[in-house]
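A structural walkthrough
Chain by chain, the residues run as shown.
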Amino acid sequence: TAEIMDGFRNTGGFDMLGSGRHKIETEEQFQDAMRVCDAIGLDGLVVIGGDDSNTNGALLAEYFKARGCKTKVCGAPKTIDGDLRCPPHIPI
């Protein structure tokens, strides 16, 4: 609703989306992630971030696939370090 969105306008969206600096490392963490995705019937999960975030995403994707979880994981690169290299023009 407009009322909910008003609190996030011009803030960059980080508070709305949520942000974390945690690595998924233990079997329990992987199980918890899959349990939540299964419980809410999540078809897809988009991980937006840099190297650590997308490493987590890749590991989750492999874990989910190996265990027959329907949730597909997609990584979208983003960096504040300025280390994402692209040619001057990205073909679409």
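Reference entry: report on the structure contained in this document. (Residues numbered from 1 in each chain as written. Predicted model: local features only at pLDDT ≥ 70, side-chain atom pairs only at ≥ 80, totals over all residues. Heavy atoms only, no water.)

Here we take up the pattern of salt bridges. All chains considered together, the criterion is met by three salt bridges. The salt bridge partner of Asp 52 is Lys 23, with a shortest N-O separation of 3.0 Å. With Asp 52 in helix H4 (residues 51-66) and Lys 23 in the loop between helix H2 (14-17) and helix H3 (27-39), this residue pair connects regions lying 29 residues apart in the sequence. The partly exposed category is assigned to Lys 23, whose relative accessible area is 43%. As a salt-bridge pair, Asp 32 and Arg 35 come within 2.9 Å of each other at their nearest N and O atoms. With Asp 32 and Arg 35 both in helix H3 and three residues apart, this pair spans about one turn of that helix. (Salt bridge = Lys/Arg side-chain N within 4 Å of Asp/Glu carboxyl O. Helix = DSSP H or I, 4+ residues; strand = E, 2+ residues; numbered from the N terminus. Buried < 20%, exposed > 50% of the residue type's maximum accessible area, 1.4 Å probe, protein only.)

In this model H3 runs 18 Å from its N-terminal to its C-terminal C-alpha over 13 residues, within 8% of the 18 Å that 1.5 Å per residue would give. Inspection of H3 places Phe 30, Met 34 and Cys 37 among the buried residues, and these make up the whole buried set. For H3, the buried positions fall inside an angular range of 60° around the axis, keeping them on one side. For H3, the exposed residues set more than 90 degrees away from the buried face come down to Glu 28 and Ala 39. If you follow the buried residues of H3, they end up packed against H4. (Expected span 1.5 Å × (residues − 1). Arc of directions from axis to C-beta. Contact = heavy atoms within 4.5 Å.)

Right, let's talk about the pairing of strand E2 (residues 72-77) for a bit. Pairing of strand E1 (residues 44-49) with E2 involves six bridges; the strand directions are parallel. Of the residues in E2, the one forming a bridge with Val 47 is Gly 75. Once the chain exits E1 it traverses H4 before rejoining the sheet at E2, and the crossover so formed is right-handed. (Pairing = 2+ DSSP bridges. Right-handed = clockwise from strand over helix to strand, strands pointing away.)

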